[in-house]
Amino acid sequence: MPLTGNPFNFARITLLALVEVLIVKKTSYRHVLPLSTTSLVLAILAINYAFFLAWKLYLYPVYFHPLSTFPAPKVVDLWRLLARVRGKAPPGQLLLELAERTPNDGIIILLGGFGTSMLVTKPAPLADILVHHPYDFAKYDTLRSFLRPILGNGLIVAEGEQHKFLRKNTLPAFKFGHVKELYPTMWTKAMEMNKALTEELRQRKREGNGTSIEINAWAGKVTLDIIGIAAFGRDFHVLERPDHPLVKNYADLLEPGPAKFVYFFLALTFSRKLVDLFPWEVSRRFNRTTTNIRKICAQLVRDKKAAIEKLGDDQFDILSLLIRSNNFSEEELVDQLLTFLTAGHETTSSAFTWATYKLAQDGEMQSTLRSELRRALPDFPKFAPGQDMASILEHLPYLNGVMNETLRLYPTVPMTVRTATCDTTVLGHPIKKDTQIIISPWVTNRYSENWPSRSTDFVPERWIDQEGTHIAEDGTEQPIQKPNNTGGVTSNYAQTTFLHGPRSCIGHGFAKAELRCLLAAFVLAFEWELGMDERDIMPDGVITIKPNNGMYLNLRSLDGHQKG
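Presented here is an overview of the structure given in this document. All of these numbers come straight from a predicted model, not from anything done at the bench.

### Observations regarding the overall build of the chain
Of the regular secondary structure elements, the chain holds 22 helices and 14 strands. For the chain, the C-alpha radius of gyration of 27 Å lies close to 24 Å, the compact-globule estimate for 564 residues. Principal axes of the C-alpha set define a box for the chain whose edges measure 100 × 60 × 50 Å.

Below, the structure is given as C-alpha cells:
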C-alpha cells in the first residue's frame, strides 16, 4: 500500500540504531548477545544500514512509493540498461527501449536509489502537463542552475510569472509576418554558405585533400549569422571569419565529449558549485566559455543602445524590440539574448546536419527533393525580384516532409525534466509536490504506440497528403500533393520536439523557415554521400543532440549553382 511519505532516511535509521542498542543493553537480550558496546553498536548499525539500502533501492520504490501503482520496468532490466557504456546509445534511447518493453497507458515509473521519476510516453498525460496546468511543473532547480550560464535567465530557464512576462514581451518578434520577412535574409545566408563550401572544395582539390567536408561546423556558422541579424540586427559575418570568437566559444561549450557528460551528470547529481571546486579542465573551460559569450552579448547590448540613442532605430530585431519596451535592465537584456543566441542557432544547425545525414544515406530521396526544388525554383541560384520565397518553400511537400521527419527523429533537446511545484494531478492521478517528470521528445517522437507505422524509420512521405490528381505537362496523370503538419498520426502531442503550450519553443516557426532555406539551397547546389564510416556516427551531446564525431560529407558541386 502506498505511503504518504518515506518514513526512513539516513538520519532516522542511524537514530533508530542507537535506540536499539539501548534496548539491548537495558534488557535481557544483553545475555543473548554477549558483545562489547562498540561491537554491538557496529553490528546494529550494519543491520540497519543493510535494511535501509534494501528499503531505498527496492522495497520503498516498488511497494510503498505513492507512484508504485503505475507500471514500471523490471528492476533488473532497468539496471541492465543503465549499465550500458555511455556513448553506445543516443541520449533518450535507453528510455525508449524501456517504454517499448513496458506496457503502459502513458506513464512509466523509473525506480532507483537516487529517486523515483515519471516517464511520460503518450499524448494524454503530455497534454495535461504541458497545456492544462503547465505552471504546476517546472524545471528543477539544479538543472536551471546548470543552464543559466549557458542560456541566461531567459525564456528557457525562467518559470512562473517571470516566464509569462518574458513570453508576452518577446512573442511579437516571432510572429508569422515577421518570420516571413526574414526569408530573403535566410536565403542570402544559405547562398553565402554554398559559396564558402564551393571555395573550400576547390582549395581541398588544389591541395589534394579530397572532397570530404565536416558540415556540422558550417551549419553552426551560418545559423549564427542568421540569428545575429534576427536577434541583434547585426551580421556577425561568421561564414567569412572562421576565427570568430562566437564560433570558438560555442564549439568549446556544445561539442559532445565524455568529459562534458561526466561534468553534466555530476553537476545535476550534486551541484555545479560543488563540482567546480575540483581542479579539472572541463570545469574551467565551461566557466571560461560561458563568461566569454556573456561578455560578447553585453557588448552587443551596449552597442545597440548607443546606436538607438544616437541615430534612432526602427529595426524589428529582437534586441531593438526589447530595448524599446523599456521593460528590461541591461543585465536582463543580456539574459534574453543569451537564450536566443544559443537556442536560436543550435536548433537549426543540429537539424540541418541530421537532414544531410539522412539524405546522404538515400541517394534516391536526395534526388526526389532536388527535382521538386528545381521545378519550384527554375532560376536558381538567381532570386527573382519580388519572389515570395516563404510561400514557395512552405508549400513544397517533399521539402517539408524531409524537414519535419528530421525534427521528429532528431529533436535538438532529447530529454527534459520537470518537477511538480505543488500537489497536483495528471490524468486524475494525484501527484505529490517535488515529483520528477521526464519528458523525452526522443521517446515520444519514436514510440511505436504514438507512431504505429515504421516509428523509427525516416519516412518524409508521412508528412504529405494526396489530394486527387492532375494532368502534368507531359500528359501523364500525377497526384496532387500537399504538406501536412500531423505526420499521419491523430495527436499533435505525438511529436514534442518543440514541446506544446505556453512552454513551447517560441522560435519554432523561425527554426523551420531557416531549415527550409538552408536545405533548399544546399540540395540545389550539391550532391553528396557520407564521407565517414557510418558506425562512427552517433547522436550525442550534453544539452543538444549533435554527431559525436562530426558529420563528414563528400560533396560534389552541381554545375551552374553559383552562376549569376
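### Things to note about the sheet that holds strand E3 (residues 137-139)
Sheet architecture is open: five strands sit in the order E1-E2-E8-E5-E3, paired in mixed fashion. Each edge of the open sheet is held by one strand with a lone partner, namely strand E1 (107-110) and E3. The sheet shows a mean angle of 35 degrees between the axes of neighbouring strands, direction not considered. Two strands pair when backbone bridges link them, and strand E2 (residues 117-120) and strand E8 (residues 436-439) are joined in this way by four bridges, in the parallel orientation. Directly across from Met118, in E8, lies its bridge partner Ile437.

### Let's talk about the layout of surface pockets
Rolled over the atoms, a probe with the dimensions of a water molecule shows which regions are left empty. What the second largest pocket holds in volume is close to 730 Å³. In this structure, the second largest pocket is lined by 36 residues; those nearest its centre are Asn404, Asn485, Phe498, His508 and Lys512. When residues of the lining of the second largest pocket are traced back to their parent elements, those giving at least two are helix H9 (176-181), helix H20 (397-409) and helix H22 (508-525). Top element by residues in the lining of the second largest pocket is H22. It accounts for six residues. Taken together, the residues of the lining of the second largest pocket break down into 16 nonpolar, 15 polar and five charged.

### Comments concerning empty space enclosed by the protein
Tallied over the entire structure, the rule returns two cavities of 30 Å³ or more. Counted as a void, the second largest cavity has a volume near 50 Å³. Along the walls of the second largest cavity sit Ala173, Phe174, His178, Val179, Leu182, Ile227, Ala230, Ile318 and Phe510, which together make up its complete lining. Where the lining of the second largest cavity is concerned, the elements lending two or more residues are H9 and helix H11 (215-232). Counted by class, the lining of the second largest cavity contains eight nonpolar, one polar and no charged residues.

### Describing the environment of Thr425
Here Thr425 lies in strand E6 (residues 424-426). Distance in space between the C-alpha atoms of Thr425 and His133 is 9.2 Å, their sequence separation being 292 residues.

### Notes on the nonpolar core
Ranked by internal contacts, the top residues of the largest apolar core, which has 128 residues, are Trp187, Leu341, Leu393 and Phe522. Setting aside its immediate chain neighbours within four residues, Phe522 contacts Met193, Asn194, Leu197, Ile215, Phe352, Thr356, Trp528, Leu553 and Leu555.

### Focus: the side chain of Ser455
Among the secondary structure elements, Ser455 is positioned in the loop between helix H21 (441-446) and strand E9 (464-471). With a relative accessible area of 11%, Ser455 lands in the buried category. At 3.1 Å, the side chain of Ser455 and the backbone oxygen of Arg446 are in polar contact. Among all residues touching Ser455, those that are not within four sequence positions of it are Arg408, Leu409, Asn445, Arg446, Tyr447 and Ser448.

### Overview of helix H16 (residues 318-325)
Across the eight residues of H16, six count as buried, placing the element largely inside the fold. Among the residues of H16, those classed as buried are Ile318, Leu319, Ser320, Leu321, Leu322 and Ile323. Asn326 sits one or two residues past H16 and shows a positive phi near 60 degrees.

### A short note on the packing of aromatic side chains
Inspection of every chain in the model, using the stated rule, returns 13 aromatic pairs. Seen from their ring centres, Phe165 and Phe328 are 5.5 Å apart, and the 50 degrees between their planes marks the pair as tilted. Taken as a pair, Phe165 in helix H8 (residues 160-170) and Phe328 in the loop between H16 and helix H17 (330-361) lie far apart in primary sequence, 163 residues in all. Under the relative-accessibility criterion, Phe328 is labelled buried at 12%. With a centroid separation of 5.3 Å and an interplanar angle of 45 degrees, the aromatic rings of Phe522 and Phe526 are classed as tilted. The residues Phe522 and Phe526 share a single accessibility class, namely buried. Clustering of aromatic rings is evident, with ring pairs tying together Phe352, Phe522, Phe526 and Trp528.

### Here we look at the pattern of salt bridges
Per the counting criterion, the structure on display carries 25 salt bridges. Between Glu192 and Lys189 there is a salt bridge whose closest N-O contact spans 3.0 Å. One end of the pair, Glu192, and the other, Lys189, are both in helix H10 (residues 183-206), three residues apart, so they sit about a helical turn from each other. What makes Lys189 buried here is its relative accessible area of 2%. For Glu405, the salt bridge identified is with Arg408, shortest N-O distance 2.9 Å. Here Glu405 pairs with Arg408, and both are found in helix H20, just three residues apart, close to one helical turn. Its relative accessible area of 0% is what places Glu405 among the buried residues. It is possible to trace a salt-bridge network through shared partners that takes in Lys189, Glu192, Asp225 and Asp235.

Reading the values: rules and limits
Residues numbered from 1 in each chain as written. Predicted model: local features only at pLDDT ≥ 70, side-chain atom pairs only at ≥ 80, totals over all residues. Heavy atoms only, no water. Helix = DSSP H or I, 4+ residues; strand = E, 2+ residues; numbered from the N terminus. Rg over C-alpha atoms; globule rule 2.2 N^0.38 Å. Pairing = 2+ DSSP bridges. Axes fitted to C-alpha atoms, helices over the stretch in contact; angles between N-to-C directions. 1 Å grid on protein atoms, 1.4 Å probe; cavity = no way out; pocket = protein on both sides within 12 Å on 5 of 7 lines; lining within 4 Å. Points joined across faces, edges and corners; volume = space filled by probe spheres on them. Nonpolar A, V, L, I, M, F, W, Y, C, P; charged D, E, K, R; others polar. Core = buried A, V, L, I, M, F, W, Y, C linked by side-chain atoms within 4.5 Å. Buried < 20%, exposed > 50% of the residue type's maximum accessible area, 1.4 Å probe, protein only. Contact = heavy atoms within 4.5 Å. Polar contact = N/O pair within 3.5 Å; in protein donor to acceptor, adjacent residues only side chain to side chain. Phe/Tyr/Trp six-rings, centres within 6.5 Å; stacked < 30°, edge-to-face > 60°. Salt bridge = Lys/Arg side-chain N within 4 Å of Asp/Glu carboxyl O.

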